[in-house]
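# Structural overview for review
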Amino acid sequence: MDRAASLEKQDLLQEKLATVDTTRALLAEENMQLEKQVELGKEQIMQLKTDVELAKKKQKAQVTRMHHQLQEAMARRRQWAEKAKQLGRSVAQLRQKIEE
């Protein structure tokens, strides 16, 4: 009986060992899949960071262009206002001469 009980225990241990090996293999496969997903996530993050930096550069360039356009428009407005004052003075002088 000792021999039969010993063989039975050995069979049980072998079954448990086989179950553990199967579980270990499944976990190793799952771990590899998760590592691939993590690596893919890291690549996506790097691409998004690159895209964000590119968008920031484009936005900065656009803001700079708009700032220059605004400065030019304000300079033209000042010139036109000065020209309008000069024309107003010229008109006033001409009217004064006409009235004399």
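Before reading on, note that the structure itself is shown above.
Report on the accompanying structure. Everything numeric in this text was worked out from a predicted model, so none of it was measured. All chains use their own residue numbering, which begins from 1 and follows the written sequence. This being a predicted model, a pLDDT of at least 70 is required before a residue's local features are given, and a value of 80 or more before pairs of side-chain atoms are given or counted; all residues contribute to the totals for chains, interfaces and linings. Excluded from the side-chain calculations are hydrogens and water; all other atoms, namely the structure's heavy atoms, are used.

## Topic: the overall build of the chain
Per the convention used, a helix needs a DSSP run of H or I reaching at least four residues, while a strand needs a run of E reaching at least two, with both numbered from the N terminus. What the chain contains, in helices and strands, is one helix and zero strands. Taken over the C-alpha trace, the chain has a radius of gyration of 43 Å; the compact-globule value for 100 residues is 13 Å, which it surpasses by more than 25%. Dimensions of the chain along its principal axes, counting C-alpha atoms only, are 145 × 15 × 10 Å. Buried, partly exposed and exposed residues are distinguished by accessible area as a fraction of the type maximum, computed with a 1.4 Å probe on protein chains only: under 20%, between the cut-offs, and over 50%, respectively. Looking at the chain residue by residue over its 100 residues, the buried ones come to 0%. For the accessible areas, the method is Shrake-Rupley and the probe is 1.4 Å, while residue cover comes only from the protein chains on display. Accessible area for the chain stands at about 9,900 Å²; split by element, carbon and sulfur atoms hold 58% of it. His is not counted, nor are the chain ends, whereas Lys and Arg count as positive and Asp and Glu as negative. The atom standing in for a charge is NZ when the residue is Lys, CZ when it is Arg, CG when it is Asp and CD when it is Glu. Charged side chains of the chain number 20 positive and 16 negative; the gap between the two group centres comes to 20 Å. In this treatment the radius of gyration is a C-alpha quantity, and the globule benchmark scales as 2.2 Å times the residue count to the 0.38 power.

## Regarding the pattern of salt bridges
A side chain with one charge may pair with a side chain of the opposite charge, provided their charged atoms come close. Salt bridges are counted wherever a side-chain nitrogen of Lys or Arg sits within 4 Å of a carboxyl oxygen of Asp or Glu. Overall, the coordinates contain two salt bridges when judged by the stated rule. The salt bridge involving Glu-53 is made with Lys-56; its shortest N-O contact spans 3.9 Å. In this pair, Glu-53 and Lys-56 are both assigned in helix H1 (residues 2-99), three residues apart and thus about one turn of the helix distant. Glu-82 is the salt-bridge partner of Arg-89, the closest N and O atoms lying 3.7 Å from each other.

## Focus: the environment of Arg-78
Here Arg-78 is to be found in helix H1. Its relative accessible area of 49% is what places Arg-78 among the partly exposed residues. Between the C-alpha atoms of Arg-78 and Glu-30, which are 48 residues apart in sequence, the distance is 71 Å.

## Structural notes on the environment of Ser-6
For Ser-6, the location among the structural elements is in helix H1. The partly exposed category is assigned to Ser-6, whose relative accessible area is 43%. For the pair Ser-6 and Gln-69, spaced 63 residues apart in sequence, the C-alpha separation works out to 93 Å.

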